[in-house]
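So the chains spell out like this:
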There are 2 protein chains.
Amino acid sequence: MPGGGPPAARHPVAEQLPLVLATAACTALAIRLLDRVRQGGGLVRGVLALLCEHVRPGAQAAAPVVELASPGELEAAFAQRGCGLALAEGATPASEGQLLEAVRLILRYSVRANSPYFFNQLYGRCELASLVGDWVSSAVNGNVHTYEVAPVFTLMEKHALARVARAIGPAFGASHDGLFVPGGSLGNVYGMLLARHRAAPGILLEGASSEPPLVALVSDEAHYSYLKTARLLGIGSAHLVSVETDAAGAMLPEALERSIVEAVRAGKKPFFVGATAGTTVLGAFDPLPALAAVCAERGLWLHVDGAWGGGALFSQAHRHLLDGCDLADSFSMSAHKMLGAALQCAVFLCRHPGALRAANATSAAYLFQPDKLHADLDVGDKTIQCGRKADMVKLWMLFKSLGDAGCAARIERCFALSDYAASRMRSSGGAFVLAFEPSCTNLCFWYVPEAMRPLPPKERLDKDHPIHQVAPAIKAAMQRGGHAMIGFQAVRGLPNFFRWVFPSCVGVEECHIDEILRWMSVFGEQHCLR
Amino acid sequence: MPGGGPPAARHPVAEQLPLVLATAACTALAIRLLDRVRQGGGLVRGVLALLCEHVRPGAQAAAPVVELASPGELEAAFAQRGCGLALAEGATPASEGQLLEAVRLILRYSVRANSPYFFNQLYGRCELASLVGDWVSSAVNGNVHTYEVAPVFTLMEKHALARVARAIGPAFGASHDGLFVPGGSLGNVYGMLLARHRAAPGILLEGASSEPPLVALVSDEAHYSYLKTARLLGIGSAHLVSVETDAAGAMLPEALERSIVEAVRAGKKPFFVGATAGTTVLGAFDPLPALAAVCAERGLWLHVDGAWGGGALFSQAHRHLLDGCDLADSFSMSAHKMLGAALQCAVFLCRHPGALRAANATSAAYLFQPDKLHADLDVGDKTIQCGRKADMVKLWMLFKSLGDAGCAARIERCFALSDYAASRMRSSGGAFVLAFEPSCTNLCFWYVPEAMRPLPPKERLDKDHPIHQVAPAIKAAMQRGGHAMIGFQAVRGLPNFFRWVFPSCVGVEECHIDEILRWMSVFGEQHCLR
């Protein structure tokens, strides 16, 4: 392993040893005692002891980010320990010991998304307060559809939504409707669904076949969930117009205007603009004031997909990136991304109170009885789900734990880490070449092996250039060694480039960035020697 | 409190006291030690200690099922302890102590869905092995869209789906496609979506406005999520036909046939039959072989909503209720209902491999790179979500922990408890009157105060009869006293009646049923004295 593996934890294990041993002894004693009196208790204690150690910040940094294993190797590993992954016909109950062993193996072979070496996706390194909030909501086995079964969660949802609405701006702060939804993609579904209902309310009753074709517009860098949503809602992918973006990946308002005019000329009815605040790959922010002006003039619904970049709202230093978002009709944000909430924790907000109920309510008699206590507080009829996990607890605990200044500091640290990595790349003498100017905390770049330097300008690059093979080779080597995980992709006709994003900075230091850059260069050169 | 409150725990607290104290002392010591070396660790230890006590089976039975509080009372309770529910502008970080206090209040004021007195919904009393599985997946912060970030969860999903598919029958067992989805309602969305794609594949591209109206058919007792789905998909509620049911609430095949013929005559295109295995209120099972025959003849997609009754598949004694489900095209089941998995844990299965990808895949370049390791195992492109919580761990742990015989025993015990309660009602001399013959584990009944006995036959009852007020009054009294929670509703033109369902039997004994019946009669009579 180059560089001797991941760096030691900030508090070396030796320093903590007496404490760790004392704790371990206590926990072990507790487990033994409880095992004797009741079934299940030992499992709970045992698993909690494992989890306590697993989420210890030092433990995450010290362990490999992944112990790469093929499906066959995983099946064998579980089977060898007496807790095979397959669920065979006629299976007998596993012992408590076997279940504990299974948990150990899950923890061992799952990717450590909380490691300071995990940057593969737009999530990672959740805040501990948010994680324990998730554990609490699971222990309660709480379902959030009626106040009577979820009194605390119902109020927490109200307050957490209000907090995000205030961050969006005064208009959302003053009046809004909203929900926690299972993921940012569903947030976009709600946005387009409410827009469709405003534009063509007859669809609820008569369906879309009675209506002229509706047209939704998003940028050509927008998330693929807009495409899935257009299909789901019966709008059709041909009626999802990809609007041209500038070199940085932000939607061009004049191109939007043009696309709207074209659609109207073709006898279609534009109804929805899906803007993006922080695109998935480039981290671009669409120019919301200009888009809002177009939407206002044309009577279109403006939804802002802030799944990724929405976190910037919580820092005075960076919230200008989302200027104009308070002009939108609806907004979605994944708090499990830049805010560091535990997965899954996504918010959908709409500026128009009552809009969710108007589009979705069915007033099911068995659930939303008007004659039960506090029936007016039932939120379940706003959703396309019925039962719903109490995701709001994760964000409520996070807000409580960090306070406003703490949230801001976390966001600013993400940007600072990204700046640091970018400056290292810029001063690398052509070893690391930025494919795009950084935006949000996204760095898109190539590692250029010495034999390929200098890299031609990107206008002359395509997938036939040998640089296309480098990022996959480096990534695979880092995965095999458990060093780090960082995603790559080939978009805009370019050869594969890395996308290094900084979602949640918890436990990430500059030294981790240095190490990752070093590994990339080592593995990049090794690739060329083959 | 009548009867002196909930019964004592099976292992009286006194018996366990030395062990509890030893454990508490160890945990407290561990917390103190760890607090000194790192922030966050104390919170984790502290919360885990609270959770360990909270989920102890005896603790659930001994505590009130709910400490009823209005929103104002809850706000005050949290504020008084220094951890107000509101998230004020400029909030400072809460201390570890305040966060722990907040967790204590969440646990105190949330409804105890794991109590043997909670029968308000179709979930409750989850298996501890499933709960710890949920905790583990949260600790991992795992996201299930690509194999590379979720190797273990991807394989667990495959095996858990295969286990449910085998339970459905040999056809599903031999070949299937599937996903864990956030709730049974979404399972119905997937069913109707795949059916729409088979019937009118052009909608993906061109949208529904280019197609003749599609018609979906479900029984008049089907879940309201079918209605939400018909709206969501742009089919329209007018094109969701409610097919007549028999007295027990099961769809009449001849009525289905009639409705299909009518729709075709009206120039519409029937494409989907949404059957129900265990209706929400009455627990009725639609006659699947007859419905499958109609669907086969007419070329319609048959989806079975087994969200509630699907659990019966896991018992040889009761699986006949779902005879014919292997003939369906798709099937959904909420394992957090009768199987006792922790919330949320819902399965969608389709008999046609590749169907999910055909309807949903977009091959997003940034996520589903074909040139990364094990890319062929990525499941994320099947979904309408992008990121997805690892719900499969909860079912995998449950299956492992119980084994096949254990699963069957749990299901059979749910039915036995329901039978016991029904027999108590039948021999109550008119105090409890069944509104319907029991089906699944659903008991629909009235408590009839002495002054209203004998209750007229239900054909002569409506919402003007004073019995309409009795269930809400009893329920409110039981909530105020924290005795029990059982739902009521007014459907089929009848006055409010209780629906007592038995989802997951963990920790429920006949004595709990006796107590609840006694409380109902006490509060029912009190209502009449007012």
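See the structure printed just above.
Residues numbered from 1 in each chain as written. Chains lettered and ligands numbered in written order. Predicted model: local features only at pLDDT ≥ 70, side-chain atom pairs only at ≥ 80, totals over all residues. Heavy atoms only, no water.

Draft legend 1. Representation of the overall build of chain A in the model. The number of helices and strands found in chain A is 17 helices and 12 strands. In terms of C-alpha radius of gyration, chain A reaches 25 Å, essentially the compact-globule figure of 24 Å for 530 residues. Structurally, chain A occupies a C-alpha span of about 70 × 70 × 50 Å along its principal axes. Within chain A, the fraction of its 530 residues that count as buried is 66%. For chain A, long-range pairs separated by at least 24 residues make up 71% of all intrachain contacts whose partners lie at least 6 apart in sequence. Carbon and sulfur atoms form 56% of the exposed surface of chain A, whose accessible area is close to 16,600 Å². (Helix = DSSP H or I, 4+ residues; strand = E, 2+ residues; numbered from the N terminus. Rg over C-alpha atoms; globule rule 2.2 N^0.38 Å. Buried < 20%, exposed > 50% of the residue type's maximum accessible area, 1.4 Å probe, protein only. Contact = heavy atoms within 4.5 Å. Areas by Shrake-Rupley, 256 points an atom, 1.4 Å probe, with all protein chains shown as cover.)

Draft legend 2. How the structure looks around the interface of chain A and chain B. On the chain B side, the residues contacting the 170 residues of chain A number 169 residues. Taken together, both faces of the contact between chain A and chain B bury some 13,800 Å²; the carbon and sulfur share is 64%. Linking chain A with chain B are 8 salt bridges. A salt bridge links K475 of chain B to E148 of chain A, with the nearest nitrogen and oxygen atoms 2.7 Å apart. Seen at the junction of chain A and chain B, the total is 67 residue pairs in polar contact (both at pLDDT 80 or more). (Buried area = accessible area lost by both parts, 1.4 Å probe. Salt bridge = Lys/Arg side-chain N within 4 Å of Asp/Glu carboxyl O. Polar contact = N/O pair within 3.5 Å; in protein donor to acceptor, adjacent residues only side chain to side chain.)

Draft legend 3. Inspection of the sheet that holds strand β3 (residues 214-219) of chain A at higher detail. All names here are of chain A. Strand order in this open sheet of 7 strands is β2-β8-β7-β6-β5-β3-β4, and the pairing throughout is mixed. For this open sheet the edge positions go to β2 (177-181) and β4 (240-243), each flanked by a neighbour on one side alone. Direction aside, the axes of adjacent strands within the sheet are offset by 20° on average. Bridge analysis of strand β7 (residues 330-334) against strand β8 (residues 346-350) gives 5 bridges, and the strand direction is antiparallel. Counterpart to M333 in the pairing with β8 is V347. Contacts from helix α13 (residues 288-298) reach β5 (269-276) and β6 (301-305) within the one sheet, and its direction differs from that of β6 by about 155°. (Pairing = 2+ DSSP bridges. Axes fitted to C-alpha atoms, helices over the stretch in contact; angles between N-to-C directions.)

Draft legend 4. Fine view of the relation of the copies chain A and chain B. Of the transformation placing chain A onto chain B, the axial shift is 0.0 Å and the rotation is 180°, giving an RMSD of 0.0 Å. Accordingly, the operation relating the two chain copies is best matched by a two-fold axis. Nearest to the rotation axis, the C-alpha of S209 of chain A is located 1.9 Å from it, this being the minimum over chain A. Mapped onto chain B, 99% of the interface residues of chain A are again interface residues, and the two copies thus contact each other with one and the same surface. (Least-squares fit on C-alpha atoms with pLDDT ≥ 70 in both.)

Draft legend 5. Region of interest: the packing of helix α6 (residues 128-140) of chain A against helix α15 (residues 392-426) of chain A. All names here are of chain A. Following both chains from N to C, one finds α6 and α15 inclined at 145°, their axes separated by 7 Å at the closest point. Two packed elements cross with a definite hand, and for α6 against α15 that hand is right-handed. Within the contact between the two elements, α6 uses A129, S130, V132, G133, D134 and S137 and α15 uses V393, K394, M397, L398 and S401. Considering only residue class, the contact of α6 with α15 consists of 5 nonpolar, 4 polar and 2 charged. (Left-handed = near helix turned anticlockwise from the far one by under 90°. Nonpolar A, V, L, I, M, F, W, Y, C, P; charged D, E, K, R; others polar.)

Draft legend 6. Main features of the pairing of strand β12 (residues 497-500) of chain B. Residues and elements named next belong to chain B. Alternating positions in β12 separate into two faces, F497 and R499 on one and F498 and W500 on the other, with burial throughout. In the sheet, strand β10 (residues 443-447) pairs with β12 via 3 bridges, with the strands oriented antiparallel. When the bridges of β12 are listed, F445 appears paired with F498. Where strand β11 (residues 485-489) lies against β12, 3 bridges are found, and the strand directions are antiparallel. Within β12, the residue paired with G487 across the bridge is R499.

Draft legend 7. Spotlight on the nonpolar core. Counting 323 residues, the largest nonpolar core has W135, L395 and W500 of chain A together with W135 and W500 of chain B as the members making the most contacts within it. Apart from residues no more than four positions distant in its own chain, W500 of chain B is found in contact with F119, M425, T441, N442, L443, F445, I486, I513, I516 and L517 of chain B. Residues L194, L240 and W301 of chain A together with L193 of chain B belong to the second largest nonpolar core, which totals 64 residues. (Core = buried A, V, L, I, M, F, W, Y, C linked by side-chain atoms within 4.5 Å.)

Draft legend 8. Fine view of helix α7 (residues 151-168) of chain A. All names here are of chain A. End to end, α7 covers 26 Å across 18 residues, agreeing with the expected 26 Å (1.5 Å per residue, within 8%). Within α7, 16 of the 18 residues are buried, which leaves it mostly tucked inside the rest of the structure. Phi turns positive one or two residues past the end of α7, at G169, with a value near 155°. (Expected span 1.5 Å × (residues − 1).)

Draft legend 9. Just the packing of helix α15 (residues 392-426) of chain B against helix α17 (residues 510-529) of chain B, in detail. All names here are of chain B. Running from N to C, α15 and α17 cross one another at 35°; their axes reach a closest spacing of 10 Å. Remark: the crossing between α15 and α17 carries right-handed chirality. Where α15 abuts α17, its residues R413, L417, Y420, A421, R424 and M425 lie against E510, I513, D514 and L517.

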